[in-house]
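Structural features, examined
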Amino acid sequence: MSVTRIETRPYDGQKPGTSGLRKRVAEFQQPHYLENFVQSIFNAIGGDQRQSLVLGGDGRYFNREALQRILCMAAANGFSHAIVGRGGLLSTPAASCLIRKHSATGGIILSASHNPGGPEADFGIKFNGSNGGPATETVTARIHECTRHIDHYLTLDARNIDIDHDGSQMLGNMVVEVIDPVSDYADLMASIFDFPAIAKVLGNGRFHVCFDAMHAITGPYATEILERRLGAPAGTVINGEPLEDFGGAHPDPNLAHARELVARMNGDNPPDFGAASDGDGDRNMVLGKGFYINPCDSLAVLAANAHLIPGYNGRLAGVARSMPTSRAVDRVAAAKGFDCHETPTGWKFFGNLMDAGLITLCGEESFGTGSSHVREKDGLWAVLYWLNIIAERKQPAHAIVREHWRQYGRDFFTRHDYENVDATAADALMHDLRESLPGLVGQSFSGHTVSAADDFRYVDPVDGSVSEGQGIRVFFEDDARIVYRLSGTGTAGATLRVYCDSFQLDPSLLEVDTQRALGSVLQAADDIAGIVSRTGRTSPDVIT
Ligand code: VG1
Ligand code: CO
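Residues numbered from 1 in each chain as written. Chains lettered and ligands numbered in written order. Predicted model: local features only at pLDDT ≥ 70, side-chain atom pairs only at ≥ 80, totals over all residues.

In the nomenclature of an unreviewed UniProt entry, the protein corresponds to phosphoglucomutase (alpha-D-glucose-1,6-bisphosphate-dependent) from the organism Chromatocurvus halotolerans. Check the Cofactor (unreviewed entry) section of the UniProt entry for the protein; it says "Mg(2+)". UniProt, in the comment section headed Catalytic activity (unreviewed entry), describes the protein in these words: "alpha-D-glucose 1-phosphate = alpha-D-glucose 6-phosphate". (UniProt positions renumbered as here; feature names shortened; annotations may be inferred.)

**A look at unusual backbone geometry**
Even without being a glycine, S113 presents a positive backbone phi close to 55 degrees. Note that S113 resides in the loop between β5 (106–110) and β6 (122–128). Of note, the phi angle at F367 is positive, near 65 degrees, even though the residue is not glycine. Among the structural elements, F367 can be located in the loop between β17 (361–364) and β18 (368–371). On the basis of neighbour counts, which here come to 26 C-beta atoms within 10 Å, the residue F367 falls in the buried class. (Helix = DSSP H or I, 4+ residues; strand = E, 2+ residues; numbered from the N terminus. Buried ≥ 20, exposed ≤ 12 C-beta atoms within 10 Å, placed from the backbone.)

**Looking at the pairing of strand β26 (residues 494–504)**
Within a regular beta strand, the side chains point alternately toward one face of the sheet and then the other, so they alternate between its two faces. Across the eleven residues that make up β26, a large majority, nine, are buried. Here strand β19 (residues 410–421) pairs with β26 via ten bridges, running antiparallel. By the bridge assignment, R415 is partnered in β26 with Y499. Taken together, the six bridges between strand β25 (residues 481–486) and β26 define a ladder with antiparallel strand orientation. The residue bridging L486 from the neighbouring strand is L496, located in β26. (Pairing = 2+ DSSP bridges.)

**Focus: the domain arrangement of the protein**
Many authors give the size of an interface as the accessible area that is lost as the parts come together. We note that the domain assignment places domain 1 (3–180), domain 2 (184–408) and domain 3 (410–543) within the protein. Between the C-alpha centres of domain 1 and domain 3 the distance comes to 35 Å. Listed per partner, the contact involves ten residues of domain 1 and five residues of domain 3. Every element with two or more residues in the side of domain 1 that touches domain 3 is listed here: β2 (21–24) and α5 (137–149). (Domains from an automatic or database assignment. Contact = placed C-beta atoms within 7 Å.)

**Focus on the UniProt feature "domain: Alpha-D-phosphohexomutase alpha/beta/alpha" (unreviewed entry) in the protein**
UniProt's entry tags residues 14–152, 184–287 and 297–408 with the feature "domain: Alpha-D-phosphohexomutase alpha/beta/alpha" (unreviewed entry), counted in the numbering of this structure. When the span residues 184–287 is considered, its composition is 36% helix and 14% strand, and the gap between its end C-alpha atoms is 27 Å.

**Let's talk about the nonpolar core**
Judged by nonpolar contacts, the single largest core of 163 residues is most densely connected at L55, L71, A82, A303 and A525. Take this core: its biggest share by element is eleven residues, from helix α13 (residues 379–393). The contact partners of A82, leaving out residues within four places of it in the chain, are L53, L55, L71, A74, M174, V176 and E177. (Core = buried A, V, L, I, M, F, W, Y, C linked by C-beta atoms within 7 Å.)

**Observations concerning the sheet that holds β18**
Read across the sheet, four strands follow the order β16-β15-β17-β18 without closing on themselves; strand pairing throughout is mixed. In this open sheet, the two strands that pair with only one neighbour each are β16 (339–343) and β18. With direction set aside, neighbouring strand axes in the sheet form an average angle of 15 degrees. Here helix α11 (residues 328–336) sits on the sheet in contact with β15 (318–322) and β16, set at roughly 155 degrees to β16. (Axes fitted to C-alpha atoms, helices over the stretch in contact; angles between N-to-C directions.)

**A short note on the packing of helix α10 (residues 295–304) against helix α14 (residues 397–408)**
Interhelical geometry of α10 versus α14 gives an angle of 85 degrees and a closest axis separation of 11 Å. In terms of orientation, α10 lies roughly perpendicular with respect to α14. In contact with D297, A300, V301 and A304 of α10, α14 contributes I400, V401 and H404. Considering only residue class, the contact of α10 with α14 consists of five nonpolar, one polar and one charged. (Parallel < 35°, antiparallel > 145°, perpendicular 65-115°, else oblique. Nonpolar A, V, L, I, M, F, W, Y, C, P; charged D, E, K, R; others polar.)

As structure tokens, then:
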């Protein structure tokens, strides 16, 4: 099999966003589009670095075809080894686990995460480095630069490789090893959590769990771990079969999209604990009986209870949260005496902190939580963490959260998303907001007086790299806060995200409805930015 050199020309817009390159499937299907981006990844990491590659995806439409093409390119580009999840499947955290376990050069994950799938929907490619984490900003900038100058790529003219059976095959000079996508990851989970203690709870016939895999990648993982290894009854996992279009739904684990789970949790005889994950298995939503657990609170509860989890040996090196995430975890860190870092949105910023041993746990408001066991957020891990806490404390989830609020106070948090907004209007809104920052301090909006306002700038404490323009923060004298930023994962128009939070210590006000508790802060958000008048939207598309 000889290596073929194919001439190509750059495509505009192959700039990786918050988490890889995400576009409509049709865009990826343009001649050489996928190949340009993949060759740019290989060019960016350099020839001497091309040894072994982990490959898999969330099973969405175009996954299998893209994987075959990438295998040929990897072989032509001198990789000696490719590790592929059977069926072309790997969840994002499982891919991270495998990269680390096999000391691979890196991995390519085919996923557009929580974006819908199917011929008319979205596809994506993410590159992770040898630590198992998303490529850093320095690497993604290099990849983007390569996409702007690419003039050829290398591939093999080969027939399709069998990716549906375990075992090794040769593709040119590269060994392709097809492996079970679940077992290494499941073993890792068993090494962190007290499986016998969780199994006791799940198998006692009284505690019922419902896990909604949303027809995405976590189906096989959750079935193996919850039902087979931990003995939960069959049917604990719903929508467990991965489908190319996720059954036509939006595989985003929140109250708006995880409809079947939410209906069951609110129906007759609800389960005691509910959870859902997203397209590629890195997000999680957890629910108690009749009780929604905000991801910011979830992170804080996990941090406060880390001593109950065998894998963390009773101590956390530190924690981190993305900037828009509420400060609930900061309060735990302060009380327990460990550091808390604040990073820009996106998992790529946590990797350096973990590699340097500065943090153990981290999370984002967008239903992402994780730890240093891998270098990605991890949906099923978070669910197991909760179940382990429940098993140890012998309390239901809602009681654990309420006790947490009484001890630390409650950070009310909400995010309002305005999707598919006219991009020019969204850019103008952000631009004008940025211009107005110096004059905001001292002004009052809907009863809240601004104490500070800035455009978040992050200096990585490990390598000193600087990321500017990461979101506009407005702080108020009463400790409330508003954050505005534009999404970096969308594929149509612009998505404006408005994040509001406020702190409450008064025990009699801890149970107020979140939207009511934040009503005046939300009003201030509109007063300051003119959201309604500029976007023409009177209400957000999604509230979390
Ligand atoms: C969103 C979330 C962010 C998350 C990212 C990737 O990004 O806000 O917190 O890290 O998605 O998650 P943005 O730029 O659209 O706000 V995933 O599960 O889609 O890989
Ligand atoms: Co995801």
